[in-house]
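Residue-level structural notes
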Amino acid sequence: AGHITNRYCTLETGMLIYNHSLILSVFEHDYLKELSDLLKQHFHTISYREFLQNPALHAPKIQAILMLAQSPAAEPSLLRLLPSLKVIASGGVGIDHLDLLFIASLGVKVTNTPGVVSDATADIGMGLLLASARKIVQGHQIPVDYKTTFLPTNLMGFQVTGSTLGIIGMGHIGYKIAQRGKGFEMKILYHNRNRSAEDERAVGATYCENMDDLLRRSDFVMLAVNLTPETTGLIGQRELSLMKPTATLVNVSRGLVVDQDALVKALQSGTIHAAALDVTHPEPLPRDHPLLSLPNVLITPHVGCSTYQTIRRMVEVMVENARAAMNGLPIPNEVKSQ
């Protein structure tokens, strides 16, 4: 069991499955305690920490794992201990942390919570875009600095209204981002997941069959793809070189979608203007990583879905998924191995 901060508030991680139960973390904040109480309405719960104290006693009874912040890790060494395991209910959309083929070989179902995180993640994407473009973080630091005696007039940013937003990955989250971009009268380009003409008209979006075309034309490039073998390293030196020198890269997908070494070089050389990242690899970055010291980089600690409303709804959907799997009912959000 580890200790995670800044992602879902603060929680002691760990979850396993107990006979008609889920093993969940010990919540320290009142709100997360409320979520723990929600689980206890449906399951007998045990924390991962408790499980590790006596695996032989608990393992035969565990039927479900509730996974928040990718914890506990679904390692084969753990899963093989759980003969009654029926489902791993993962919070969020991404399932790149799960070995679907191995889990399926054990006869265990996997679920996620698609759609639940879309609004909150789109919000953080637009927040990062705005904060980077208008230098909001730098602006905040000036008036609160005890050395400040006058306010400078040269903190110049880039106009968001009327600019061009290129969205790579037009799924649930990508489309929500497009809706927000429309509110800023942005020109919307997108690549991947060709949308219907009706969807395009609703947000004023134009499909780019070639991603290179989107990269060349966009003032802001927003990454909202799932992490797959095809999207790993999707944005590298070549792709960054196609972007405008005034462009900003915003990533709310996964850190591995971007070649971070190439990104550092592009930011240092002026190939692109800035980057705003809610995700990196690893998380957190090593304290001496060059991205942390660049003035044209804004990083948040993977908080895309971290709102009270989103996390509560996420846990509710995880409960629905787990209950269905444990009772042999149709599973609302089953993720099947390809």
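Just so it is clear, the model here is predicted, and its values are computed rather than measured. (Residues numbered from 1 in each chain as written. Predicted model: local features only at pLDDT ≥ 70, side-chain atom pairs only at ≥ 80, totals over all residues. Heavy atoms only, no water.)

Observations concerning the overall build of the chain
Convention followed: Helix numbering and strand numbering both begin at the N terminus, where a helix is a DSSP run of H or I of at least 4 residues and a strand a DSSP run of E of at least 2. With C-alpha atoms as the basis for the radius of gyration, the globule rule is written as 2.2 Å multiplied by the number of residues raised to the power 0.38. We call a residue buried when its accessible area falls under 20% of the maximum for its residue type, exposed when it is over 50%, and partly exposed in between, using a 1.4 Å probe and counting protein chains only. We call two residues in contact when some of their heavy atoms are within 4.5 Å. With residues, only the protein chains shown are counted as cover, and all accessible areas are computed by Shrake-Rupley using a 1.4 Å probe. We treat Lys and Arg as the positive residues and Asp and Glu as the negative residues; His and chain ends play no part in the count. Taken as the charge centre is NZ of Lys, CZ of Arg, CG of Asp or CD of Glu, depending on the residue.
A count of helical and extended segments in the chain gives 13 helices and 15 strands. Taking 20 Å as the expected radius of gyration for a compact globule of 338 residues, we find that the chain reaches 22 Å, a close match to that expectation. Burial statistics for the chain: of 338 residues in total, 51% are counted as buried. Of the contacts made within the chain by residues no fewer than 6 positions apart, 61% connect residues no fewer than 24 positions apart. Of the roughly 16200 Å² of accessible surface on the chain, 51% is carried by carbon and sulfur atoms. A gap of 2 Å separates the mean positions of the 29 positive and 30 negative side-chain charges of the chain.

A look at the sheet that holds strand β10 (residues 187-191)
What counts here: Criterion used throughout: strands pair if DSSP finds at least two bridges between them. Orientation is described by lines fitted to C-alpha atoms, with helices fitted over the stretch in contact, and by angles between N-to-C directions that extend from 0 to 180 degrees.
In spatial order, the strands read β11-β10-β9-β12-β13-β14-β15; together these seven strands make up an open sheet with parallel pairing. One side of each edge strand has no neighbouring strand; the edge strands of this open sheet are β11 (205-207) and β15 (297-299). When the angles between neighbouring strand axes are averaged without regard to direction, this sheet yields 15 degrees.

So, the packing of aromatic side chains
Given two aromatic rings, their pairing is described by the distance between the two centres and the angle made by the two planes. This is how the line gets drawn: The rule is short: rings of Phe, Tyr and Trp, with Trp giving its six-membered ring, pair when the centres are within 6.5 Å, and they are stacked under 30 degrees, edge-to-face over 60, tilted in between.
Applying the stated criterion to the full structure yields one aromatic pair. Arranged with centres 5.2 Å apart and planes meeting at 55 degrees, the rings of Y190 and Y207 form a pair that is tilted. Here Y190 is found in strand β10, whereas its partner Y207 is found in strand β11, with 17 residues between them in sequence. The class of Y190 is buried, set by a relative accessible area of 0%.

Looking at the nonpolar core
Side chains that are nonpolar tend, in soluble globular proteins, to be buried together. Rules: Residue types Ala, Val, Leu, Ile, Met, Phe, Trp, Tyr and Cys, when buried and joined through side-chain atoms within 4.5 Å, form a set referred to as a nonpolar core. The split into domains, and so the bounds of each, comes from an automatic or database assignment of domains.
By size, the foremost hydrophobic cluster in this structure holds 49 residues, and its most contacted members are L129, L165, I167, I177, M186, M222 and M314. Per-element accounting of this core gives the leading share, 10 residues, to helix α13 (residues 308-326). Both domains that meet at this core, namely domain 1 (21-115 + 307-335) and domain 2 (117-299), each give it at least three residues. Each residue touching L129, except ones within four places of it in the same chain, is listed here: V160, L165, M186, F220, M222 and V250.

As for the UniProt feature "domain: D-isomer specific 2-hydroxyacid dehydrogenase NAD-binding" (unreviewed entry) in the chain
As a reminder, the rule being used: UniProt positions are given in the numbering used here, feature names are shortened, and annotations may be inferred rather than shown by experiment.
Mapped onto the present numbering, the UniProt feature "domain: D-isomer specific 2-hydroxyacid dehydrogenase NAD-binding" (unreviewed entry) falls at residues 126-304. The distance from the first to the last C-alpha atom of residues 126-304 is 11 Å, and the span holds 33% helix and 16% strand.

Some words on the pattern of salt bridges
The line we're drawing: Counted as salt bridges are all cases of a side-chain nitrogen of Lys or Arg within 4 Å of a carboxyl oxygen of Asp or Glu.
For the structure shown, the criterion picks out 13 salt bridges. With a closest N to O distance of 3.4 Å, R313 and E320 form a salt bridge. Of the residues examined, R313 reaches a relative accessible area of 37% and is grouped as partly exposed. Of the residues examined, E320 reaches a relative accessible area of 38% and is grouped as partly exposed. Three or more residues are tied together by salt bridges with common partners; here these are D119, D123, K176 and R180.

Digging into the layout of surface pockets
For clarity, the cut-off: Only protein atoms enter the calculation, which uses a 1 Å grid: trapped sets of points that fit a 1.4 Å probe without letting it out are cavities, open sets showing protein on both sides within 12 Å along at least five of seven lines are pockets, and any residue with an atom within 4 Å of a point is a lining residue. Grid points are joined across faces, edges and corners, and a volume is the space filled by probe spheres set on the points. Here the term charged refers only to Asp, Glu, Lys and Arg, the term nonpolar to Ala, Val, Leu, Ile, Met, Phe, Trp, Tyr, Cys and Pro, and the term polar to all other amino acids, Gly among them.
Empty space within the largest pocket amounts to approximately 890 Å³. Residue assignment for the lining of the largest pocket shows that the elements contributing at least two residues are α6 (118-133) and α8 (172-183). Ranked by residue count, the leading element in the lining of the largest pocket is α8, at three residues. Here the lining of the largest pocket is built from residues that sort into 16 nonpolar, 21 polar and five charged.

Observations regarding the UniProt feature "domain: D-isomer specific 2-hydroxyacid dehydrogenase catalytic" (unreviewed entry) in the chain
Per the UniProt record, "domain: D-isomer specific 2-hydroxyacid dehydrogenase catalytic" (unreviewed entry) is annotated on residues 34-336. The span residues 34-336 is 37% helical and 13% strand by assignment, and the distance between its end C-alpha atoms comes to 31 Å.

Considering the packing of α6 against α8
For clarity, the threshold we go by: With respect to orientation, any angle under 35 degrees is reported as roughly parallel, any angle over 145 as roughly antiparallel, any angle of 65 to 115 as roughly perpendicular, and every other angle as oblique. By the definition used in this description, the sense in which the near helix is turned from the far one sets the handedness, with an anticlockwise turn below a right angle giving left-handed and a clockwise turn giving right-handed.
Their axes nearest at 8 Å, the elements α6 and α8 cross at an angle of 50 degrees. With respect to α8, the element α6 is oriented oblique. Note that α6 runs across α8; the crossing there is right-handed. Mapping the contact onto sequence places S118, D119, T121, A122, D123 and M126 in α6 and H172, I173, K176, I177, R180 and G181 in α8. Of the residues contributing to the contact of α6 with α8, the split by class is four nonpolar, four polar and four charged.

Details of the pairing of strand β9 (residues 164-168)
Using the following cut-off: Looking down the strands as they point away from you, a crossover is right-handed if its path from the first strand over the helix to the second goes clockwise.
By the criterion of burial, β9 is predominantly enclosed, with five of the five residues buried. Alternating positions in β9 separate into two faces, T164, G166 and I168 on one and L165 and I167 on the other, with burial throughout. Direction of pairing for β9 relative to β10: parallel, over a ladder of five bridges. Within the sheet, the bridge partner assigned to I167 lies in β10 and is Y190. Each parallel crossover has a hand, and the one from β9 via α8 to β10 is right-handed.

Re the domain arrangement of the chain
How we decide: By convention, the term buried area covers the 1.4 Å-probe accessible surface removed from two parts as they join, with the contributions of both added.
In terms of domains, the chain is made up of domain 1 (21-115 + 307-335) and domain 2 (117-299). Each of domain 1 and domain 2 has a C-alpha centre, and these two points are 32 Å apart. Taken together, the contacts link 10 residues of domain 1 with six residues of domain 2. Note on domain 1 versus domain 2: buried area summed over both sides is about 660 Å², and carbon and sulfur give 57% of it.

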